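Descriptive analysis of the structure
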Amino acid sequence: MYKSPLSLFFFLIIGTVLHAQEEKTCATTEVYLEALKKHPEILAEQQKLEQFTAHFQNDQNHQRLAGGSTAYVIPVVFHIIHNYGQENISDAQVYDAIRVMNEDYSKGNPDTTLIAPSFLGIAADCQIEFRLANKDPQGNCTNGIDRVVSPLTMGGDDDAKLNPWPYQHYLNIWVINSFSPSMSGAAAYAYYPGTAFPTNVDGIISLYSYVGSIGASNPTRSRVLSHEVGHYLNLAHVWGSTNQPGVACGDDGVFDTPETKGWTSCMINGSRCNPPVIENVQNYMEYSYCGVMFTAGQKVRMHAALNSSVGARSSLWTLVNLSATGTDGSATQVCIPNTDFEADIISVCAGNTVHFQDICWNGDPTSWSWSFPGGTPSTSSDSMPAIVYNTSGTYDVTLSSSNSAGTSTFSYSIHPGYRSSINDYSFQ
Ligand SMILES: [Zn+2]
């Protein structure tokens, strides 16, 4: 059947819209309203921050960067809450997420070329930089990626925010497999400054499939963390603090973002509230999934949040804190690997081969020393050894992994032929 170029064009547009609508949204508003119900005192903190922000916006000397820095540097830790499934995303995926966040907050994203002409003049270099921590709260070496084994990765919410690092010193980002049923439509959520109770749940929590642009995520979803950091730094959705785009024209308290109903599709140059005023569909704080910019007004508002004591964002970027968290730009060190491994033992019968794989974290090993009493061979220095067990039973497996910084050891008992009681192995 003949298709005119015009109908093909519309098909492509509709395809884009449908694709955008398939993506999950953000539960920040729901979580905030819930917190407000339980802790109405939050409102006073927020009003304090609003007053500070209003003053800050009128203060010509509001640039308060530390020691000649060109950006507010925020130490970040990712906590990967996993049960040995797909949610145990690679270091590379986390590094890619940091890359995307840094591009978006420095206006270094290559797709600034797509910004609608009416917003080119106010698209901002937000002068905010994210660095993975190189020191944990005890001063130990870290690559900024913490891995915690827990079934709470499934159906998670604030309860899955395990091993929080002090919120005054780190931006905590937790990564989980799935949200609890009440938030099943969410990709992620964050807390506005001063609204997290208890304070150690402050930060961001995201599905593993919305972190960075590679691995389990993709480029379309890679801007979700930039959106959530916006909330963390006191930005509302462009249409206001609701989770219902497309319902009513609203405002976000930012002077240069036009009033809008909010967009779930990428109608660049869209104008529904005050035609012909064009709305900022491509803002990261929209639901359009085509965000490419923050505005100058949003930048000032985020800087205000970073200078206010509300929510303790002001203690993140101090020189003292950058030094304490190892994010002051001094040489990064090699950390001792934290040894862990997995095996494909789900369907192995006696006499079959079990394949093991090192999944060490925090430092890349350069050598491996395995011990397989009862297996053949009984030792290995391979990173992915294959071991035969001739009779059924319970066998200890020990791995020591090393690099130039040192060695760590992990032992575990396996039961050939049975799924482990702890590890739901996904390794094939
Ligand atoms: Zn949001």
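Figured I'd write up the structure that's included with this text. None of these values were measured; they are calculated from a predicted model.

1. Observations concerning unusual backbone geometry
Between Phe197 and Pro198 the backbone carries a cis peptide bond, its omega angle lying at -10°. Here Pro198 is to be found in the loop between β6 (186-190) and β7 (204-207). That bond from Pro275 to Pro276 is cis: its omega, 5°, falls within 30 degrees of zero. With respect to the helices and strands, Pro276 occurs in the loop between α5 (224-232) and α6 (296-307). If you check the backbone angles, Asn234 has positive phi at about 80° while not being a glycine. As for its position among the elements, Asn234 is in the loop between α5 and α6. The residue Asn269 is not glycine, and still its phi comes out positive at about 70°. Note that Asn269 resides in the loop between α5 and α6. By relative accessible area, Asn269 is classed as partly exposed at 41%.

2. What to know about the pattern of salt bridges
When the charged atoms of two side chains lie near each other, side chains of opposite charge can form a pair. What the rule picks out here adds up to twelve salt bridges. For Glu23, the salt bridge is made with Arg221, and the minimal N-O distance between the two is 2.9 Å. You can see Glu23 sitting in the loop between α1 (5-22) and β1 (25-26) and its partner Arg221 sitting in the loop between β7 and α5, a full 198 residues away along the chain. Between Glu103 and Arg99 there is a salt bridge whose closest N-O contact spans 3.0 Å. Of this pair, Glu103 and Arg99 are both found in helix α4 (residues 91-105), four residues apart, which corresponds to roughly one turn of the helix. For Glu103, a relative accessible area of 22% corresponds to the partly exposed category.

3. Considering the packing of α4 against α5
Orientation of α4 relative to α5, taken along the N-to-C sense of each, is 60°, at an axis distance of 9 Å. Here α5 runs oblique to α4, going by the angle between their axes. The element α4 and its partner α5 pack so that their crossing is right-handed. Residues Ala97, Val100, Met101, Asp104 and Tyr105 of α4 pack against Leu225, Ser226, Val229 and Gly230 of α5. A breakdown of the residues in the contact of α4 with α5 according to their chemical character gives six nonpolar, two polar and one charged.

4. A short note on the coordination of the zinc ion
Protein coordination of the zinc ion is provided by Cys26 (SG), His227 (NE2), His231 (NE2) and His237 (NE2), with donor distances spanning 2.0 to 2.2 Å. Between the four donor atoms coordinating the zinc ion, the angles at the centre fall across 99 to 125°, so the site counts as tetrahedral. The motif formed by the donor residues of the zinc ion, counted along the single chain, is C-x200-H-x3-H-x5-H. Of this pair, His227 and His231 both sit in helix α5, four residues apart, which is roughly one turn of the helix. Both residues of the pair, His227 and His231, count as buried.

5. What to know about the sheet that holds strand β11 (residues 379-380)
If you trace the four strands from one edge of the open sheet to the other, you get β11-β10-β13-β14, paired in antiparallel fashion. Two strands bound the open sheet, and with one partner strand each, they are β11 and β14 (406-414). For strand β13 (residues 395-403) and β14, the ladder comprises nine bridges, and the chain directions are antiparallel. Considered in β14, the bridge of Leu399 is made with Phe410.

6. A closer look at the sheet that holds strand β8 (residues 341-343)
Taking strand neighbours across the sheet as the criterion, the three strands line up as β8-β9-β12 in an open arrangement whose pairing is antiparallel. Sheet topology places β8 and β12 (386-388) at the edges, where each strand pairs with a single neighbour. The mean inter-strand angle of the sheet, taken between neighbouring strand axes irrespective of direction, is 30°. Inspection of the sheet shows strand β9 (residues 353-358) paired to β12 by three bridges, in the antiparallel sense. If you follow Thr353 over to β12, its bridge partner there is Val388.

7. Examining the pairing of strand β2 (residues 72-82)
Among the eleven residues of β2, eleven are classified as buried, and the element is accordingly described as predominantly covered. Burial along β2 is two-sided: Tyr72, Ile74, Val76, Phe78, Ile80 and His82 facing one way and Val73, Pro75, Val77, His79 and Ile81 facing the other are all buried. Across five bridges, β2 lies against strand β3 (residues 128-132) in parallel orientation. Note that in β3 the partner of Pro75 across the bridge is Arg131. You can see the chain leave β2, run along α4 and come back into β3, and the turn it takes is right-handed. Pairing geometry for β2 and strand β5 (residues 171-176), over five bridges, is parallel. The residue bridging Val77 from the neighbouring strand is Asn172, located in β5.

8. Observations concerning the packing of aromatic side chains
Inspection of every chain in the model, using the stated rule, returns 18 aromatic pairs. Measuring from ring centre to ring centre gives 5.4 Å for Tyr32 and Tyr192, while their planes differ by 85°; the resulting arrangement is edge-to-face. Within this pair, whereas Tyr32 is found in helix α2 (residues 28-38), its partner Tyr192 is found in the loop between β6 and β7, the two being separated by 160 residues in sequence. By relative accessible area, Tyr32 is classed as buried at 10%. Exposure remark for Tyr192: the relative accessible area of 4% places this residue in the buried category.

Analysis parameters
- Residues numbered from 1 in each chain as written.
- Predicted model: local features only at pLDDT ≥ 70, side-chain atom pairs only at ≥ 80, totals over all residues.
- Heavy atoms only, no water.
- Helix = DSSP H or I, 4+ residues; strand = E, 2+ residues; numbered from the N terminus.
- Buried < 20%, exposed > 50% of the residue type's maximum accessible area, 1.4 Å probe, protein only.
- Salt bridge = Lys/Arg side-chain N within 4 Å of Asp/Glu carboxyl O.
- Axes fitted to C-alpha atoms, helices over the stretch in contact; angles between N-to-C directions.
- Parallel < 35°, antiparallel > 145°, perpendicular 65-115°, else oblique.
- Left-handed = near helix turned anticlockwise from the far one by under 90°.
- Contact = heavy atoms within 4.5 Å.
- Nonpolar A, V, L, I, M, F, W, Y, C, P; charged D, E, K, R; others polar.
- Donors = N, O, S within 2.8 Å, 3.2 Å for Na, K, Ca; no water.
- Tetrahedral: all angles 85-135°; square planar, octahedral: opposite > 155°, others 65-115°.
- Pairing = 2+ DSSP bridges.
- Right-handed = clockwise from strand over helix to strand, strands pointing away.
- Phe/Tyr/Trp six-rings, centres within 6.5 Å; stacked < 30°, edge-to-face > 60°.

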